[in-house]
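# Chains, contacts and geometry: an overview
Below are the chains, spelled out letter by letter.
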Amino acid sequence: MRHVRADGYPEFAAARAAHLYRSACLLTGGDTHLAEDLVQETLGRLYVKWGRVSRADNPAGYAQTVLTRTFLAHRRRRWSSERATDTFPDVPDRRHGAETDASLRLTLLQALARLPAKDRAVVVLRYWEDRSVQETAAVMNASSAAVRTRSVRALARLRELLGEDLAEYAAP
């Protein structure tokens, strides 16, 4: 007979999985397959330590930290034989305005993908997750000064990569 957890983990995982996936997509620069793997690994790690995690002040924040560290560890390993590609297999939504939104998302994902992994992690944590410099530093095991430096460098690089392309999407 199969044992079902009654300690809140299934509900937590179901509630946080979509947000973790969106964050993972940003971290991976749009690699949806890697994002799914990172979320699965993150949820697996949380499952093992759920007794301790569930008592933490902010289990959702802990999950984001685990996701970010899992991503950074994956980038360091470089053992994967998968090859990155610049094509996206998803079919765009054809409803009103969705093509522009999809183009904007693809442009932003492609620009994020061109950032170094740690710079990308800083951008996602600071501007997508809306974390403070100190919180970002704690997640990345870095100093606050390093986070600020990476933020400035990453934003400058994004501006350089996006250039005028972003202005065409912002126009009404």
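Everything that follows concerns the structure shown earlier in this document.
We now turn to the structure provided with this report. From a predicted model like this one, the values you see are computed outputs, not experimental measurements.

## Comments concerning the overall build of the protein chain
Helix and strand content of the protein chain: nine helices and zero strands. Secondary structure elements in the protein chain, listed N-terminal to C-terminal, are α-α-α-α-α-α-α-α-α. For the protein chain, the share of sequence-separated contacts (at least 6 apart) that also reach a separation of at least 24 residues comes to 67%. Total accessible area on the protein chain is roughly 11,000 Å²; 53% of this is exposed by carbon and sulfur atoms.

## Description of the packing of helix α1 (residues 9–27) against helix α2 (residues 32–48)
Between α1 and α2, the least distance of the axes is 9 Å, while the angle of their chain directions is 145 degrees. For the pair α1 and α2, the crossing hand works out as right-handed. Note on element contacts: α2 touches α1 through Thr32, Ala35, Glu36, Val39, Thr42, Leu43, Gly44, Leu46 and Tyr47, opposite Tyr9, Phe12, Ala13, Ala17, Leu20, Tyr21, Ala24 and Cys25. Looking at the contact of α1 with α2 residue by residue, the class counts come to 13 nonpolar, three polar and one charged.

## A few points about the environment of Val66
By the element assignment, Val66 lies in helix α4 (residues 59–77). The spatial distance from the C-alpha of Val66 to the C-alpha of Glu41 is 9.1 Å, given a sequence separation of 25 residues.

## Digging into the environment of Leu158
One can find Leu158 in helix α8 (residues 144–162). The exposure class of Leu158 is buried, given its relative accessible area of 12%. Separated by 50 residues in sequence, Leu158 and Leu108 have C-alpha atoms that sit 8.6 Å apart. The residues contacting Leu158, other than those within four sequence positions of it, are Ala111, Leu112, Leu115, Val123 and Gly163.

## Comments concerning the side chain of Ser23
Tracing the chain through its elements places Ser23 in helix α1. Leaving out residues up to four positions away in the same chain, Ser23 has contacts with Gln64, Leu67, Val124, Trp128 and Glu129.

## A look at the pattern of salt bridges
Enumeration over the complete set of coordinates arrives at four salt bridges. For the salt bridge of Arg153 with Asp119, the shortest nitrogen-to-oxygen distance reads 3.9 Å. Taken as a pair, Arg153 in helix α8 and Asp119 in helix α6 (residues 117–128) lie far apart in primary sequence, 34 residues in all. On the basis of relative accessible area, Asp119 is assigned to the buried category, the value being 2%. Glu160 is the salt-bridge partner of Arg157, the closest N and O atoms lying 2.4 Å from each other. Here Glu160 and Arg157 lie together in helix α8, a separation of three residues that amounts to about one turn. A cluster of three or more residues bridged by salt bridges with shared partners is formed by Asp119, Arg150 and Arg153.

What counts and how
Residues numbered from 1 in each chain as written. Predicted model: local features only at pLDDT ≥ 70, side-chain atom pairs only at ≥ 80, totals over all residues. Heavy atoms only, no water. Helix = DSSP H or I, 4+ residues; strand = E, 2+ residues; numbered from the N terminus. Contact = heavy atoms within 4.5 Å. Areas by Shrake-Rupley, 256 points an atom, 1.4 Å probe, with all protein chains shown as cover. Axes fitted to C-alpha atoms, helices over the stretch in contact; angles between N-to-C directions. Left-handed = near helix turned anticlockwise from the far one by under 90°. Nonpolar A, V, L, I, M, F, W, Y, C, P; charged D, E, K, R; others polar. Buried < 20%, exposed > 50% of the residue type's maximum accessible area, 1.4 Å probe, protein only. Salt bridge = Lys/Arg side-chain N within 4 Å of Asp/Glu carboxyl O.

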